[in-house]
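The lines below spell out each chain.
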Amino acid sequence: GVMGSSIALHLSEMAGRRLRVAVIERDATYEWASAPRSAGGIRQQFSLPVNIQLSLYGIEFLKTGLKDLCAGLDVDTDVQFRENGYLILASPGAGEKSLRENVATQHACGATWISLMSSDELRNRFPWISTDGIALGAFGERNEGYFDPWALLQ
């Protein structure tokens, strides 16, 4: 799937393309693979620095890295990335505290485009969302959205 293909691509690049890498996939048609069944979301809104850092690498890979790694190959690298953001909502109390801590961690890792929004700001920006019981939101202004996992597998 995507993980095996990514590992093969990176190994090949690390070896200066002197290494021939093959991916052995039990489901060669990807009929049962999880990647084409997923929404292909990517975000940096996590609580652990390692997950944020992996996603920071992932977004750069989707935006430019895949194209760079496949330069000179007959490969379509357009994975249809749509940068529309991610919105995480929190309830008052523990949820709000946790969201504030998470955003501080995200900013410390370099994801400074994630903004905290009060319920009034949420209501103004997203008028179709009911903010009853919502204390706070975090919105990724850029580098978050979705892509086509099937296109990535190709």
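Please refer to the structure higher up on the page.
A. Structural context of the layout of surface pockets. Size it by volume and the largest pocket reaches roughly 1,200 Å³. Broken down by secondary-structure element, the contributors of at least two residues to the lining of the largest pocket are helix 1 (2-14), strand 1 (41-42), helix 2 (49-69) and helix 5 (149-153). In terms of residue class, the lining of the largest pocket is built from 27 nonpolar, 13 polar and 3 charged.

B. Representation of the pattern of salt bridges in the model. Tallied over the full model, the rule gives 5 salt bridges. Measuring nitrogen to oxygen at the nearest pair gives 3.1 Å for the salt bridge that ties R100 to E96. Of the two residues, R100 and E96 are both situated in helix 3 (residues 94-108); the distance of 4 residues between them amounts to about one turn of the helix. The shortest N-O distance in the salt bridge between R123 and D120 comes to 2.3 Å. Remark: D120 and R123 occur in helix 4 (residues 119-125); sequence separation between them is 3 residues, near one turn of the helix. Overall, the relative accessible area of 37% leaves R123 in the partly exposed class.

C. Molecular detail of the pairing of strand 4 (residues 136-140). In terms of burial, strand 4 is a largely internal element, 5 of the 5 residues being buried. Looking at chain direction, strand 2 (residues 87-90) and strand 4 are connected through 4 bridges and run antiparallel. The partner of A90 across the bridge, within strand 4, is L136.

D. Geometry of the packing of aromatic side chains. For the coordinates displayed, the defined rule picks out 4 aromatic pairs. Look at F126 and W128: their rings are 5.6 Å apart centre to centre, the planes differ by 80 degrees, and that puts the pair in the edge-to-face class. Residue classification places F126 among the buried positions, given a relative accessible area of 9%. Using a relative accessible area of 65% as the deciding quantity, one classes W128 as exposed. Pairwise contacts between aromatic rings join F126, W128 and F139 into one cluster.

E. Molecular detail of the environment of I134. Tracing the backbone shows I134 in the loop between helix 4 and strand 4. By relative accessible area, I134 is classed as buried at 18%. As for I134 and V2, which are separated by 132 residues in sequence, their C-alpha atoms are 36 Å apart. Once residues within four sequence positions are removed from consideration, I134 is found in contact with L89, A90, S119 and L122.

Cut-offs and rules
Residues numbered from 1 in each chain as written. Predicted model: local features only at pLDDT ≥ 70, side-chain atom pairs only at ≥ 80, totals over all residues. Heavy atoms only, no water. 1 Å grid on protein atoms, 1.4 Å probe; cavity = no way out; pocket = protein on both sides within 12 Å on 5 of 7 lines; lining within 4 Å. Points joined across faces, edges and corners; volume = space filled by probe spheres on them. Helix = DSSP H or I, 4+ residues; strand = E, 2+ residues; numbered from the N terminus. Nonpolar A, V, L, I, M, F, W, Y, C, P; charged D, E, K, R; others polar. Salt bridge = Lys/Arg side-chain N within 4 Å of Asp/Glu carboxyl O. Buried < 20%, exposed > 50% of the residue type's maximum accessible area, 1.4 Å probe, protein only. Pairing = 2+ DSSP bridges. Phe/Tyr/Trp six-rings, centres within 6.5 Å; stacked < 30°, edge-to-face > 60°. Contact = heavy atoms within 4.5 Å.

What is shown is where atoms sit, not what they do.
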